[in-house]
Amino acid sequence: MSVPISYPKDTVVSFTKDEIMFRESVREFAQKHIAPKWIEVDEEASKDPMKIPLDLIKKIADQGLLCIPCSDKYGGQGGTYTMATIAVEELAYADPAVALAVYTLLNNGWPFALQLFGREEISQEVIPRVSKGEAFFGIASTEPQGGSDVAGIRMTAKKINNVYVFNGEKAYISGVGEVQVLPWGGGWFLIARTGEAGHRGLSAFAFLAKKNGVIGKGWYPTIYHDIGRHGLTTGGFKCENFELDKDYLIGEENKGFYYVMEGFNLARILVAAATVGGARWVT
Ligand SMILES: Cc1cc2nc3c(=O)[nH]c(=O)nc-3n(C[C@H](O)[C@H](O)[C@H](O)COP(=O)(O)OP(=O)(O)OC[C@H]3O[C@@H](n4cnc5c(N)ncnc54)[C@H](O)[C@@H]3O)c2cc1C
């Protein structure tokens with residue numbers, strides 16, 4: 001099925017031939033597999049947020065729509081960031097609840113940020129699993145006291161020998177259920193305090209709450225019952241002496257604020273694409 005796109009008449013949007021063909025293929029996929037299912041997904045997950053549409057996540061992965069901008073060296077698709085925005089827009093057009101579009105945007109933007117700033121071995125461990133739909137990798141910044149004030153993050157990560165030990169709480173984090181039910185697991189590009197107060201004391205981590213199917217000790221998740229976006233969970237988690245190998249530090253210690261701001265810049269473009277897709281749905 002081919003769906004015409006109409007942008008406001010003064011908008012200048014130009015895509016390459018490859019990107020136009022890519023959009024056609026994603027649209028066909030999304031209209032065939034996602035559009036007929038989104039109401040069922042929305043209704044089921046509104047009753048039980050853990051009714052996660054694993055079959056559709058697998059289909060999205062098999063279609064090559066996760067980790068699009070990540071290098072094929074790390075099991076990514078070796079595509080462009082523009083292609084990721086196209087994929088997210090078309091998925092949101094097929095799923096106005098945007099659960100699957102946001103699943104897709106998180107698992108494009110944050111694995112890409114990991115590739116940009118993290119250690120090569122960690123990208124090699126995480127990205128192929130996310131790409132295949134076996135693991136989730138999003139962002140864990142927000143805490144119970146607030147989300148906008150990133151510099152005020154309170155979760156601590158204390159380095160003891162070869163591990164960082166995490167204590168504190170994250171709130172309103174997407175993917176808390178998915179990490180638990182996806183076979184490999186996954187986690188988040190997580191920000192925690194390793195140094196002084198303010199933005200210069202924060203570090204970023206590839207925080208894997210579950211890997212190889214095993215949930216780490218000291219990680220205590222909660223799932224929220226939201227009023228919308230059913231089909232992608234939100235929740236919180238507490239860390240009580242949760243240990244992570246030091247190699248999962250992303251970039252340099254106490255530079256996490258700068259990495260996460262770059263990550264937010266990447267993510268914002270994809271969020272905008274999801275809103276464009278949702279807006280097209282109402283036309
Ligand atoms: C469905 C959903 C999914 C989410 N998923 C994630 C996720 O995966 N990972 C994650 O880390 N977070 C996630 N969040 C949290 C989200 O990022 C935060 O809601 C956001 O950062 C805002 O934080 P807050 O809600 O605590 O509001 P606050 O930061 O408390 O802000 C409240 C209000 O005050 C305003 N405000 C704040 N500071 C100032 C200021 N200095 N000057 C003027 N006005 C100000 C804000 O604009 C806002 O209107 C999610 C939220 C939702 C709703």
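For every chain, the first residue of the written sequence is number 1, and numbering continues from 1 onward in sequence order. The predicted nature of this model means local features are confined to residues of pLDDT at least 70 and side-chain atom pairs, given and counted, to a pLDDT of 80 or more, with totals for whole chains, interfaces and linings taken over all residues. Each side-chain value is worked out from all heavy atoms of the structure, with water and hydrogens disregarded.

### With respect to the nonpolar core
Right, so step 1: Only buried Ala, Val, Leu, Ile, Met, Phe, Trp, Tyr and Cys residues count toward a nonpolar core, and they belong to the same one when joined by side-chain atoms within 4.5 Å. Partly exposed residues are those whose accessible area sits between 20% and 50% of the maximum for their type, while under 20% is buried and over 50% is exposed, using a 1.4 Å probe and protein chains only. Residues W110, F166, W188, F189, F207, W219 and F237 are the most contacted members of the largest nonpolar core, which totals 88 residues.
Right, so step 2: Runs of E in the DSSP output that reach at least two residues are strands. Runs of H or I that reach at least four are helices, and both are numbered from the N terminus. The biggest single contributor to this core is helix α5 (residues 99–117), with eleven residues.
Right, so step 3: Note that the domain bounds were set by an automatic or database domain assignment. Counting residues domain by domain, this core receives three or more from each of domain 1 (17–134 + 263–281) and domain 2 (136–256).
Right, so step 4: If we skip the residues at most four places from it in the chain, W219 touches V176, V179, Q180, W188, F207, A209, F237, K238, C239 and F242. By definition, residues are in contact when any of their heavy atoms lie within 4.5 Å.

### With respect to the site of the ligand
Right, so step 1: Lining the immediate environment of the ligand, one finds I139, A140, S141, T142, G146, G147, S148, Y172, I173, S174, R229 and T234.
Right, so step 2: G147 has a polar backbone atom sitting 2.7 Å from an oxygen atom of the ligand.
Right, so step 3: Pairs of N or O atoms are called polar contacts if they sit within 3.5 Å, as long as, within protein, a hydrogen donor faces a hydrogen acceptor (for residues adjacent in sequence, only side-chain-to-side-chain pairs). With respect to the ligand, the backbone of S174 contributes an N or O atom lying 2.9 Å from an oxygen atom.
Right, so step 4: Note on areas: Shrake-Rupley with a 1.4 Å probe; residue coverage comes only from the protein chains shown. Protein contact buries 39% of the 970 Å² of open area that the ligand shows by itself.
Right, so step 5: Looking at the shell around the ligand, the elements with two or more residues in it are β1 (135–140) and β3 (163–174). Working definition: residue near molecule or strand if any one of its non-hydrogen atoms lies within 4 Å of it.

### Digging into the domain arrangement of the chain
Right, so step 1: The domain architecture assigned to the chain consists of domain 1 (17–134 + 263–281) and domain 2 (136–256).
Right, so step 2: Taking the mean C-alpha position of each, domain 1 and domain 2 sit 21 Å from one another.
Right, so step 3: Between domain 1 and domain 2, the residue contacts involve 32 residues of the former and 31 residues of the latter.
Right, so step 4: A simple way to read buried area is as the amount of 1.4 Å-probe accessible surface that goes missing from two parts once joined, with both sides added. Here domain 1 packs against domain 2, burying approximately 2,800 Å² in sum over the two surfaces, 74% of which is carbon and sulfur.

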